[in-house]
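Given next are the chains, with one letter for each unit.
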Amino acid sequence: MADQAKAAVEFAQKNGERFVEELKALLRIPSISTLPEHAGDVRRAAEFVAAELKRIGMEHVRLIETATAERPGGHPLVYADWLNGAPAADGKPAPTVLCYGHYDVQPPDPLDEWKSPPFEPAEREGNLYARGAVDDKGQMWMHVKALEALMETGGGKLPVNVRVIVEGEEEVGGEGIADFVREHGDQLRADVALVSDTEMFAADLPTLCVGLRGMIYTEIEARGARTDLHSGMYGGAAPNPFVALAQVIAKLKDADGKILIPGFYDKVQKPSDAELTAWKALPFDEEHYRETEVGSIALTGEPGYSVLERTWARPTLDVHGMPGGFTGAGAKTVIPARAVAKVSMRLVPDMTPAESFAQYRAYVESICPKGIVLEVRLIHSGDAIVVSTDNRYIQAATGAMHEVFGKETVFVRGGGSIPIVGDFERELKIPTVMMGFGLPDDNLHAPNEKFHLANFHRGIESIVRFFVRLGG
Ligand code: BES
Ligand code: MN
Ligand code: MN
């Protein structure tokens, strides 16, 4: 077993540069799932991943279409498997690992803040810069390359059974994969899911993520006059949808960050004392975090909770943009007829998207300003999740990372969301190992996203060792 890992790790080291070049080719494809004009690029990225899975020896490689009459813009899933794993000495079948990742990316704007263009991957100071470098093309590629290394050095065999499912809609809510898991869960039957789409708590600190926040992403549309109006002629008589939205938003949370939606906190579970104690022991300097990661003059949020509690275990509400009206250079005196606010909320266990959205909608409608018609829409949602750490898969992961990093693993939660992880637990009834190798300053969703290349290589090695441990 040790030999198997050693040979595969050596192969990965020898071929590390090629792995990075291949990743660059994938990063050049602007697979931005939210922008319809990039649908062709999204498909090209899916085909790129499928072709590589086939080349390395995975079986039953195919694209699974997710577009339906209701969701004509659905992007394809990439599926592959290799289910010929040899049973253990005691006759037990080899475990099956479901490798999950996403090949879609967030939009790259604001473009002028990138030091090199987002879809022209560039190496600087040991980092690979590009949109999707770490979220999640680079991390998904670690799975593919770990499988390649094991296949190549194992005579075309893997130490475990593997299914691979890679989606192209994670960044827009992941409805396509959720439908597939619900309707065809038998095709993804596995013992454990492996997800590499989270971060390490600090450089050199092996980390497993054991919880994610859920979310509801919404739009509020405000309509006032029938058409845009001259603000001099009608100001004083006509309602202004932007002012109305500002008034609504101002009532959603108070200056301390407490959300004012009635009932919103009713189902919030406090983390266990053991978890809170462990979080206090993590190497975290609030001032350093403010200065280097956030870069604001002060941090905000609910008093009485640490930053880690506020970002991992408390619900939050944010506004992402308010399209509409006049945003060009200079001045235009107009009362816009309509305005939109994009508002999302992060949820924690045991809140549910359906109940939280109903509470939010009812509250927003109850505070609708005079003269305005509001429409509250749900764009997408996902459940919060906390996974159990008491299983052999988590042990295999911490053991594998100990071999690579020489350190004990820390368990953290993530403030972000990966909607399908909850469905793996509920629909497939399997635990998930969230073994991610991003860094806190990797600029996910922001300009100059990067992947620290040392972590790309250590990630591949960790995954190789994880598979070998599970098979051994
Ligand atoms: N990989 C992230 C989620 C993440 C990041 C989890 C860091 C933990 C630590 C994922 O791609 C993501 O950005 N998800 C979206 C989901 C949403 C659009 C449904 C998010 O969290 O905003
Ligand atoms: Mn991601
Ligand atoms: Mn993301």
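Residues numbered from 1 in each chain as written. Chains lettered and ligands numbered in written order. Predicted model: local features only at pLDDT ≥ 70, side-chain atom pairs only at ≥ 80, totals over all residues. Heavy atoms only, no water.

Draft legend 1. Spotlight on the nonpolar core. Ranked by size, the top nonpolar core spans 70 residues in total, and within it Leu53, Met58, Val433, Met435, Phe456, Phe466 and Phe467 carry the most contacts. Leu245, Met345, Val348 and Ile372 belong to the second-largest nonpolar core, a separate cluster that totals 29 residues. (Core = buried A, V, L, I, M, F, W, Y, C linked by side-chain atoms within 4.5 Å. Buried < 20%, exposed > 50% of the residue type's maximum accessible area, 1.4 Å probe, protein only.)

Draft legend 2. Quick peek at the coordination of the manganese ion (ligand 2). Within the protein, the atoms that donate to the manganese ion (ligand 2) are His102 (NE2), Asp135 (OD), Asp197 (OD) and Asp197 (OD), at distances of 2.0 to 2.4 Å. For the manganese ion (ligand 2), the six donor atoms in the first shell make angles of 58 to 164° at the metal, so the coordination geometry reads as irregular. In terms of primary sequence, the donors binding the manganese ion (ligand 2) are separated according to H-x32-D-x61-D. Residue Asp135 is classed as buried on the basis of its relative accessible area of 6%. (Donors = N, O, S within 2.8 Å, 3.2 Å for Na, K, Ca; no water. Tetrahedral: all angles 85-135°; square planar, octahedral: opposite > 155°, others 65-115°.)

Draft legend 3. Spatial organisation of the sheet that holds strand E11 (residues 316–321). The strand order across the open sheet formed by four strands is E11-E13-E9-E14, and the pairing between neighbours is antiparallel. The open sheet has two free edges, formed respectively by E11 and strand E14 (373–382), since each of these has just one partner strand. Across the sheet, the mean angle from the axis of one strand to that of its neighbour is 25°, orientation sign disregarded. Note: strand E9 (residues 214–223) against E14, nine bridges, orientation antiparallel. Looking at E14, one finds that Ile220 is bridged to Val376. (Pairing = 2+ DSSP bridges. Helix = DSSP H or I, 4+ residues; strand = E, 2+ residues; numbered from the N terminus. Axes fitted to C-alpha atoms, helices over the stretch in contact; angles between N-to-C directions.)

Draft legend 4. Here's a closer look at the coordination of the manganese ion (ligand 3). Protein-derived ligands of the manganese ion (ligand 3) are Asp135 (OD), Glu171 (OE), Glu171 (OE) and His445 (NE2), with the metal-ligand distances lying across 2.1 to 2.6 Å. Here the manganese ion (ligand 3) binds six donor atoms, and the angle range of 54 to 155° at the metal identifies the geometry as irregular. If you list the donors of the manganese ion (ligand 3) from N- to C-terminus, the spacing comes out as D-x35-E-x273-H. The two metals, the manganese ion (ligand 3) and the manganese ion (ligand 2), are separated by 3.6 Å and share Asp135 as a common coordinating residue. Taken together, the residues span a long stretch of sequence, with Asp135 in the loop between strand E5 (127–129) and helix H4 (137–153) and His445 in the loop between strand E17 (432–435) and strand E18 (450–452) at a distance of 310 residues.

Draft legend 5. Spotlight on the domain arrangement of the protein chain. According to the domain assignment, the protein chain consists of domain 1 (2–212 + 384–471) and domain 2 (214–268 + 315–382). On a C-alpha basis, the centres of domain 1 and domain 2 stand 35 Å from each other. For the pair domain 1 and domain 2, the two sides together bury roughly 670 Å², of which 55% comes from carbon and sulfur. Contact with domain 2 buries surface across domain 1, with Gly173, Ala384 and Ser417 losing the most and accounting together for 55% of the total. Residues of the side of domain 1 that touches domain 2, tallied by class, amount to six nonpolar, four polar and two charged. (Domains from an automatic or database assignment. Buried area = accessible area lost by both parts, 1.4 Å probe. Nonpolar A, V, L, I, M, F, W, Y, C, P; charged D, E, K, R; others polar.)

Draft legend 6. Spotlight on the site of ligand 1. With respect to spatial proximity, 18 residues lie near ligand 1, and among them Glu170, Asp197, Arg346, Ser417 and His445 are the closest. A distance of 3.1 Å separates an oxygen atom of ligand 1 from a polar atom in the side chain of Glu171. Protein burial of ligand 1: of its 520 Å² of free accessible surface, 91% is covered by the chains. Its residues placed into classes, the shell around ligand 1 shows five nonpolar, seven polar and six charged. (Near = heavy atom within 4 Å. Polar contact = N/O pair within 3.5 Å; in protein donor to acceptor, adjacent residues only side chain to side chain. Areas by Shrake-Rupley, 256 points an atom, 1.4 Å probe, with all protein chains shown as cover.)

Draft legend 7. Structural detail: the sheet that holds E5. On the basis of which strands lie adjacent, the open sheet formed by three strands has the order E4-E5-E18 and antiparallel pairing. Where the open sheet ends on each side, the last strands, each with one partner, are strand E4 (122–124) and E18. On average, each strand axis in the sheet is inclined to that of its neighbour by 25°, with strand direction left out of account. Here E5 pairs with E18 via three bridges, running antiparallel. Paired with Leu128 across the bridge in E18 is Phe451. Together, E4 and E5 form the strand contacts of helix H2 (residues 16–27), whose direction differs from that of E5 by roughly 20°. Relative to E18, helix H14 (residues 453–471) is tilted by about 60°, and along the sheet it contacts E4, E5 and E18. (Contact = heavy atoms within 4.5 Å.)

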